[in-house]
Amino acid sequence: MLDTSRYADLFLTESRDHLAAMSEALLALERSPRARGPVDAVFRAAHTLKGMSAAMGHDAIAALAHEIEPLLERVRRRELQATRALVDVLLAGADALEAAIAGVPSGGLMGTDDACRAAAHRIAAFEGVTIASSAPSLPTPAAGISAVALEGRLVRIRVSSDVPMRGVRAFLIVRRAESLGRVSALTPDLDALQRGEFGRGFSLRIVTDEPRDAIEHALLAVGDVEAVSVDGEGDAERALEPAAGAHAGVRRHVRVDTRRLDALMNLVGELVIARGRLERIAGAMESDDLTQGVGDAARLIADLQAEIIASRMLPVAEVFERFPRVVRDAARQLGKNAELTIEGGDIELDRSVLDVISEPVMHLLRNAVDHGLESPVERAAAGKPLTGRVTLTASREHASVAIRVRDDGRGVDRERVVAKARALGMLDAAAAPTDDEIADLIARPGFSTAPEVTAFSGRGVGIDVVASTVRRLGGAVEIISVRGEGTCVTLRLPPTLAIVRAVVARVAGETYALPAAHVVTALELDRRALSGAAAAERLATRDGPVPVIRLRTLLEMEPDDDTLKQVVLLRAGERRVALVIDEVVEQREIVVKPFDAALGTAPLFSGATILGDGAPALILDVAQLAAVGHRVSAGGPRPSTGAIAIESRQATDSRQVTTDSTVLRRPQ
Amino acid sequence: MIHTVLVCDDAIFMRTMISDILSQSGYEVIGEAETGTQAVEKYKLLRPDLVTMDIVMPDMGGIDAVREITKVDANAKILMCSAMGQQALVVEAIQAGARDFVVKPFQPSRVLEAVQRVLAK
């Protein structure tokens, strides 16, 4: 028997791609039930999955995929309408396939085979709405599927390698074939052909009385055709199989284990640190040769780093593509109408950032449908279109990538948030929070306004969890909501995680790093520009007063003495804060290492790094500092100093752990 | 028999180039048009064996001109001259009745091959 273990990884990644394509096509089919493209796409995905899983010995998966084909074939032949119920039963099948495939690495999850069989049974038993047999058959050119339409003679066509506009040439060839008879099958389908997505050749089946010579001659005469073969007897599988060098026009890719990419990233990170050390040494030695050599090496390292970072970038569409399904399912189960629009799918993010934000974005989408959009009745009463719009956008903004989830629903319910915050003791009875503060409250840990727990959102997991995930990535969350008009949540993320520019600051002999993206400027502290009581100090700046945070006080170190101090003006979203430190040491690139702060502590640090001299430094979370600054200046409670003290001590402990290791770990 | 050709393009440079390629190979360029409207008028007047048609032209575009010309003469032989990246427009032109296409920048051999193919049909 064939040893399939070598193919297991390939099977997993490829079958996920096909499942994603299947779900996407099913949703497209639901939107336009008469379209042919989606039916063919689902069919292809099911067909490929069947073949792959059968080869791997996953019989239940293959059997389920097999059941999907005849049902689609009836849709394709216009015997069956592509109703919502039909799409539902097929989506349920896709879910069962997904669950079963997900269980493959662990030797099959409990019950997934049974789920597959149950789904296969439902699909086989699906009655659906039949269409009277007088309905017209498919118009040609048929973007049909050769596996099911075997009538006609098999014609394989090879185009010249340097053909301009290969897609249009293929289109011309198909048209010429249609002038000879009825084209009953086309592989790949006409859409793909027109886009030029085929290798050197493609195949079709034609029902015609013309002799073989005439077919060959006619098709060769279209131009830029290298060879035509007319088999008549060729089998379907060969017709389905893409010609050699399929997708030659598409970029070439190699599948690489992501762990290998992570290892490369870590290595280049260490290299960057070593470069910093070398540069310091070379600077101290005052040798021109050494400085030049080190400079050359440094440039090469920078190039290497840029290449590795680029190789880790993925378009956000990779994870966005499954979200239409998420929104649709949420809307259907909640009895709402929702339509998701996705923009900016080609914006790229580091793979690890993308992995981490996938869940939060999905959560925001469900939130938008669940809490944002009104029921159709409410929307009608409010004079809004019955179908709610949810927009998911990715865009580049300065050095970061912004991901926005916007809905045109009811907006955040202010009163409910205030009531809940009071009940939770987060807000004084007399307080009248600003919009900013409302947004802040929603993002606080443990806050959820859902009156009851639904299947999608509300299980105590709210925007607070999204916010902390984004902060951990060094990003920031911004919520804007207008009552009755909708809510917009913006996640601002660094496009890559691992290496960022930072301002390194010293406070009481310790060094801390501040992500440069958040640093507006650094200046000498002019005490005359300070105002307000010690607890609510403000610094006058050109753009108005800014809340002041003294890092020594915040971290419970020795209080500021009277020596000259420096201040770093920071910005996180719309908020600014002035951070008083001892002095700015330098601005440099740092390699961010994850830092696992203890739960329940104020998340003042977003990560840690190793500096050029080998010393570790914690990276301050600017968004969090800004939030603290605003709470303090608004007269609110200071963050629990106890929690900070714990974290501060922990930070000191981590330093000891890391002096001889470049990996930062949370002490056990 | 010498085949006659109507060359339609809003750029004089392109018209000259196509005319040169064709005349050097024994075709007779009997007319030129700068706009889609002119192309249709001159087709009616001259009834050439072949038309080379730019896609983007002022007042009436090449695709509409193809539609108008094939209304007048269903057997009109029209060769589209397309810039790179206009795949969808070329497909539209073919659906409107154009017989074949060449892609700018032109290689004389490709233009001549396409002309021969269109005239042979």
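Above: the structure in question.
It should be emphasised that the depicted structure is a prediction, and the values quoted were computed from it without experimental measurement.

1. Some details on the overall build of chain B
Then, number 1: Of the regular secondary structure elements, chain B holds five helices and five strands.
Then, number 2: Order of helices (α) and strands (β) in chain B, N terminus to C terminus: β-α-β-α-β-α-β-α-β-α.
Then, number 3: For chain B, buried positions account for 41% of its 121 residues.
Then, number 4: Long-range pairs, those at least 24 residues apart, make up 60% of the contacts in chain B with a sequence separation of at least 6.

2. Considerations on the sheet that holds strand E8 (residues 388-397) of chain A
All names here are of chain A.
Then, number 1: Pairing is mixed in the open sheet, where five strands are placed in the order E6-E8-E9-E11-E10. In the strand order of this sheet, the two ends are held by strand E6 (338-343) and strand E10 (476-482), each with one partner. When the angles between neighbouring strand axes are averaged without regard to direction, this sheet yields 15 degrees.
Then, number 2: Bridge analysis of strand E9 (residues 400-407) against strand E11 (residues 486-493) gives seven bridges, and the strand direction is antiparallel. By the bridge assignment for E11, Val401 is matched with Leu493.
Then, number 3: Sheet contacts for helix H13 (residues 323-334): E6 and E8; angle to E6, the most-contacted strand, approximately 165 degrees.
Then, number 4: Each of E10 and E11 touches helix H18 (residues 463-472); the most contacted strand, E10, lies at about 145 degrees to it.

3. Description of the nonpolar core
When a protein is soluble and globular, its nonpolar side chains tend to lie buried together.
Residues and elements named next belong to chain A.
Then, number 1: Of all hydrophobic cores here, the largest spans 92 residues; its most connected members are Leu365, Leu514, Leu570 and Leu579.
Then, number 2: When residues of this core are assigned to their parent elements, the largest contribution, nine residues, is made by helix H14 (residues 351-372).
Then, number 3: Apart from the residues lying within four places of it in its own chain, the contact partners of Leu570 are Leu514, His518, Val519, Val520, Arg576, Val577, Leu579, Val622, Leu625 and Ala626.
Then, number 4: Counting 65 residues, the second-largest nonpolar core is a separate cluster that includes Leu172, Ala177, Leu190 and Val225.

4. Some points on the sheet that holds strand E19 (residues 575-581) of chain A
Across a sheet, paired strands are connected by hydrogen bonds in the backbone, their directions being either parallel or antiparallel.
All names here are of chain A.
Then, number 1: Read across the open sheet, the six strands follow the order E14-E18-E19-E17-E16-E15; overall the sheet is mixed. The open sheet is flanked by strand E14 (519-524) and strand E15 (530-531), the only strands paired with a single partner.
Then, number 2: In this structure, E15 lies alongside strand E16 (residues 538-541), joined through two bridges in antiparallel fashion. Paired with Ser531 across the bridge in E16 is Arg538.

The rules behind each value
Numbering of residues starts from 1 in every chain and runs along the sequence as written. Each chain gets a letter, beginning with A, and each ligand a number, beginning with 1, in the order they are written. Only residues with pLDDT of at least 70 get local features here, since the model is predicted, and only at 80 or more are side-chain atom pairs given and counted; chain-wide, interface and lining totals rely on the full set of residues. Only DSSP runs of H or I with at least four residues qualify as helices, and only runs of E with at least two residues qualify as strands; both kinds are numbered from the N terminus onward. For the exposure call, what matters is how many other C-beta atoms sit within 10 Å of a residue's own: 20 or more marks it buried, 12 or fewer exposed, and in between partly exposed, using C-beta atoms placed from the backbone. Any residue pair is listed as a contact if its two C-beta atoms, each placed from the backbone, are within 7 Å. Here, any two strands with at least 2 DSSP bridges between them count as paired. Every axis in this analysis is a line fitted to C-alpha atoms, fitted for helices over the stretch in contact. Angles between the N-to-C directions lie between 0 and 180 degrees. What makes a nonpolar core is a set of buried Ala, Val, Leu, Ile, Met, Phe, Trp, Tyr and Cys residues, with links drawn between C-beta atoms within 7 Å.

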